[in-house]
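Survey of secondary and tertiary structure
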Amino acid sequence: MSSSEPISAAALEELERLRTRVMELEEQERERRYAEGALDERVRLSTLTHDVGVALIQSGSLQESLQKCTLSLVAHLGAAFARIWTLNTTTQVLELQASSGMYTHLNGPHSRVPVGTLKIGLIAAERLPHLSNAVIGDPRVSDKEWAVREGMVAFAGYPLLIEGEVVGVMALFARTPLSMAVLDAMASVSNAIALGIERKRVEEERAQLLVFEQQSRAQAEAARTRMERILDNLTDGFMIFDETWHYTYINPQATPFTGKPWQELLGKNVWEEFPALVDSMFYEQYHYAVTHQESVAFEVYSAMLSEWFDVRAYPIPGGLAIYFRNITRRKQEDEERIHLLEAEQLAHAEAEAALQVRNDFLSSVTHDLKTPLAVMKGNVQLLQRRLRRGELPDPAWWGDRLAVIDSSTVKMTGMIEDLLDVAKLQAGQQLDLDMRPLQFVSLVRQVSSEQQETTKRHHIVVLAPTEDMTVRGDLIRLDRVLTNLLNNAIKYSPNGGQITIELAQEEVESQLWVALSIEDQGVGIPDADLEHVFEPFHRASNVAGRIPGTGIGLASVAQVIRQHGGSIAVSSGEGQGSTFILRLPLAISENTK
């Protein structure tokens, strides 16, 4: 039959019959799958109900039982996470007791939810479930970004009610919609959990009542029970001795004081139990109170416990009552206050000392700068008067005056340079050095000759094994170093005497050094000041206020020597003179290249 021939009625009828049969088969398949899914869901929900019931009747704490319930909710309902809160009726705050799934912590921002706040608190306040398969549009879900990010679709929250009263809230989030069967099962589970919470609470209260009843029956007398109850709640430790020094009562707060459980001490003799206390302050004060029937109060340190106590003892009929409290923290705070006060006083003293050092320094600098200025001014005025009188110039006399002025200028310039160097030292800066090969012995002899011209009471001697000792250094800076050291040797040897300068070559670990020592016969340096002589503004105690000085020369010297790669040290004794020793790296002499 060609494609152009019409289809017979019989063929059309058969085709329709086949189409109907296919649709029936498809419907049957859908029904079969639905039935299987419904069966599977019923099985899961049945298992959930069983597991929750088992968890709630098992022994253990309420929190352990509720945690097993949340694990079952996650496992059998495919929830992203599930949580259970219980209501603290005193504070009206829902406290998180169990959390399973993607969140297991109990200390997050939702661990304590006041009734009436957030979606959990609103469920408790309204006593109605909150169910949603559209979390993204749910107005009670405040963090929409979190819901989108985590793919949350459904939320179900149920109040846990006992006779209309809230005992907690159960809630879960899921990434797939929750069916009516699941919601019905959750409602049933919520009732079971509410009953479980109430049962656990009743059991705990019953256990507490049983303990209280047992304790009450153990009391010998009603009056003693009342007294012990009061004493047990004291913040102070308390104990009673009878007339034979046996413990008749000890409250729990006494344990830190005795170092032993109170149950072990009742009926024991204190001096036999703690023989180390015999002849101690405790023994003396307790016996005094009993003998004289007077109360005593004292603070004592217990070496046995390494703590301080405030103790008060009161004679009572048939014995002695003792109150005491641990005051270790107070003692520590008192000691800290004393240390802080001492530190403050020390800082104040140091500040005053620093201020005095500054004032002394400024006074000394002012004096030292005024002296050459006065000399310069005097000579300039003398020259001006002669010029005004028209006196013919005497070249020699004029040369002397100009030499004095030049010498004063050099002295002032050196002082100012030292000040600038120390200022850089204080600021943590390096000096700018012009390093060149120098014949060190020649420089020493030149400076020694210049300084010898300033004194007639001193004799400067230079001893050198050779004239060829080359160092790399800054000529101006090293000149000032030697000038400072020789000037100090002269200034601090007021009775005159010989100043010996000795040079030598030394080799230490394959490094050649020029060693220079300057020894004077002056006042020396006290031992307490030796370690501070190279500190800025420090002056030895035996010269401060007696011999002018600024305390910056040696600091500048030490800085220059360190930047030259050398070292400087001093040995001295008060009244025995001083010896300064500096070392500089020896360079290859230009004459030996």
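Preceding block: the structure.
Within each chain, residue numbers correspond to sequence positions counted from 1 in written order. The predicted origin of the model limits local features to residues at a pLDDT of at least 70 and limits the giving and counting of side-chain atom pairs to 80 or more, whereas totals for whole chains, interfaces and linings rest on all residues. Note that water and hydrogens are dropped before the side-chain values are worked out from all heavy atoms of the structure.

Here we take up the overall build of the protein. On a plain count of helices and strands, the protein comes out with 16 helices and 18 strands. Relative to its full complement of 593 residues, the protein shows a buried share of 37%. Here the Shrake-Rupley method, with its probe set to 1.4 Å, supplies the accessible areas, and only the displayed protein chains count as covering residues. As displayed, the protein has an accessible area near 34300 Å², and 55% of this comes from carbon and sulfur atoms. Secondary structure elements are defined from DSSP: runs of H or I of at least 4 residues count as helices, runs of E of at least 2 residues count as strands, and each element is numbered from the N terminus. Note on exposure labels: buried denotes an accessible area under 20% of the residue type's maximum, exposed denotes more than 50%, and partly exposed covers the range between, all computed with a 1.4 Å probe on protein chains only.

Take the sheet that holds strand E9 (residues 296–302) next. Should DSSP find at least two bridges between two strands, the strands are taken to pair. A sheet is described by the order of its strands in space; here five strands give the open sequence E8-E7-E11-E10-E9, paired in antiparallel fashion. Both outer strands of the open sheet, strand E8 (247–250) and E9, are each paired with one neighbouring strand and no more. In this sheet, adjacent strand axes meet at a mean angle of 25° when their direction is disregarded. Examined bridge by bridge, strand E10 (residues 307–316) and strand E11 (residues 319–326) share eight bridges and lie antiparallel to one another. By the bridge assignment for E11, Pro-315 is matched with Leu-320. The sheet strands contacting helix H10 (residues 281–292) are strand E7 (237–242), E9, E10 and E11, and the helix crosses E9 at an angle near 165°. Here an angle of 0 to 180 degrees is reported between the N-to-C directions of two axes, which are lines fitted to C-alpha atoms, with helices fitted over the stretch in contact. It only takes one pair of heavy atoms within 4.5 Å for two residues to be counted as in contact.

Inspection of the secondary structure assignment puts Pro-114 in strand E3 (residues 112–114). For Pro-114, a relative accessible area of 38% puts it in the partly exposed group. Sequence-wise, Pro-114 and Thr-91 are 23 residues apart; in three dimensions their C-alpha atoms are separated by 8.2 Å. What Pro-114 contacts, discounting residues up to four positions off in sequence, is Gln-92, Val-93 and Gly-121.

The next thing to look at is the packing of aromatic side chains. Pairing of aromatic rings covers Phe, Tyr and Trp, the last through its six-membered ring, and needs centres within 6.5 Å; plane angles under 30 degrees mean stacked, over 60 mean edge-to-face, and all others mean tilted. All told, the structure shown has 20 aromatic pairs when counted by the stated rule. Both rings, one in Tyr-314 and one in Tyr-323, keep their centres 5.8 Å apart while their planes meet at 80°; by these two values the pair is edge-to-face. Here a set of aromatic residues connected by ring pairs shows up, and it is made of Phe-241, Trp-245, Tyr-247, Trp-271, Phe-282, Tyr-283, Tyr-286 and Phe-298. Two conditions define a charge sitting above a ring: the NZ of Lys or the CZ of Arg must be within 6 Å of the ring centre, and it must be within 35 degrees of the ring normal. Lys-119 extends its terminal NZ or CZ atom over the ring of Phe-155, reaching a point 5.7 Å from the ring centre. Lying across the ring of Phe-274, Lys-260 places its NZ or CZ 5.0 Å from the centre.

For the rest of this paragraph, the subject is the side chain of Ser-65. Structurally, the position occupied by Ser-65 is in helix H2 (residues 62–77). Apart from residues lying up to four places away in sequence, Ser-65 is in contact with Ala-55, Gln-58 and Lys-200.

Tracing the sequence through the fold places Gln-452 in helix H13 (residues 440–452). Classification of Gln-452 by relative accessible area gives partly exposed; the value is 24%. With 35 residues separating them along the chain, Gln-452 and Asn-487 place their C-alpha atoms 9.7 Å apart. In contact with Gln-452, other than residues within four places in its own chain, are His-458, His-459 and Ile-460. Polar contact is defined as a pair of N or O atoms within 3.5 Å, subject to the rule that within protein one atom must be able to donate a hydrogen and the other to accept it, and that residues adjacent in sequence are counted only when both atoms are side-chain atoms. Looking at Gln-452, its side chain comes within polar contact range of the main-chain nitrogen of Ile-460, at 2.8 Å.

Take the sheet that holds strand E5 (residues 154–162) next. Spatial ordering of the open sheet is given by E3-E2-E1-E6-E5-E4, a layout of six strands whose pairing is antiparallel. At either end of the open sheet lies a strand with only one pairing partner, and these are E3 and strand E4 (130–132). Going from strand to strand, the sheet's axes swing by 25° on average, the running direction of each strand aside. For E5 and strand E6 (residues 165–174), the ladder comprises nine bridges, and the chain directions are antiparallel.

Moving on: the pattern of salt bridges. The salt bridge definition used is simple: a Lys or Arg side-chain nitrogen within 4 Å of an Asp or Glu carboxyl oxygen. Tallying each qualifying case throughout the model produces 15 salt bridges. For Glu-150, the salt bridge goes to Arg-175, with nearest N and O atoms at 3.6 Å. On the criterion of sequence distance, the pair formed by Glu-150 in helix H4 (residues 144–150) and Arg-175 in the loop between E6 and helix H5 (180–218) is long-range, its members being 25 residues apart. Residues participating in the shared-partner salt-bridge network are Glu-299, Arg-330, Lys-331, Asp-334 and Arg-337.

A separate point is H2. In this model H2 runs 22 Å from its N-terminal to its C-terminal C-alpha over 16 residues, within 8% of the 22 Å that 1.5 Å per residue would give. Within the span of H2, buried status applies to Leu-62, Ser-65, Leu-66, Cys-69, Thr-70, Ser-72, Leu-73, Val-74, His-76 and Leu-77. By definition here, a helix of n residues has an expected span of 1.5 Å times n minus one.

In these notes, a set of buried Ala, Val, Leu, Ile, Met, Phe, Trp, Tyr and Cys residues joined through side-chain atoms within 4.5 Å is what counts as a nonpolar core. Of all hydrophobic cores here, the largest spans 37 residues; its most connected members are Phe-440, Leu-485, Ile-501, Leu-503, Leu-516 and Leu-582. Secondary-structure elements contributing two or more residues to this core are H13, strand E13 (458–463), helix H14 (475–491), strand E15 (497–508), strand E16 (511–519), helix H16 (553–563) and strand E18 (578–587). Among the elements that line this core, the one with the most residues is H14, at seven residues. Ignoring sequence-local partners within four residues, the contact set of Phe-440 consists of Met-469, Val-471, Leu-482, Leu-503, Val-514, Leu-516, Leu-582 and Leu-584. In terms of nonpolar packing, the next biggest core, distinct from the first, is built from 33 residues, Cys-69, Ala-154, Ile-162 and Ile-197 among them.

Locating Ser-190 in the fold gives a position in helix H5. Owing to a relative accessible area of 4%, Ser-190 belongs among the buried residues under this scheme. Ser-190 sits 138 residues away from Val-52 along the chain, and the two C-alpha atoms are 9.7 Å apart. The residues touching Ser-190, leaving out its near neighbours within four places in the chain, are Tyr-158, Leu-160 and Met-170.

Before going further, it helps to examine the packing of H13 against H14. At a minimum axis separation of 10 Å, H13 and H14 run at an interaxial angle of 45°. As far as their axial angle goes, H14 and H13 are oblique. Judged by the sense of rotation from one axis to the other, the crossing of H13 with H14 is right-handed. Contacts between H13 and H14 involve Phe-440, Leu-443, Val-444, Gln-446, Val-447, Ser-448 and Gln-451 on the former and, on the latter, Leu-475, Leu-478, Asp-479, Leu-482, Thr-483, Leu-486, Asn-487 and Ile-490. Residues belonging to the contact of H13 with H14 are distributed by class as follows: nine nonpolar, five polar and one charged. Orientation labels follow simple angle bins: below 35 degrees gives roughly parallel, above 145 gives roughly antiparallel, 65 to 115 gives roughly perpendicular, and whatever is left gives oblique. What makes a crossing left-handed is the near helix being turned counterclockwise from the far one by less than a right angle; a clockwise turn instead makes it right-handed. Polarity classes work like this: nonpolar for Ala, Val, Leu, Ile, Met, Phe, Trp, Tyr, Cys and Pro, charged for Asp, Glu, Lys and Arg, and polar for all others, with Gly in that last group.

Nothing here speaks to function; it is all geometry.
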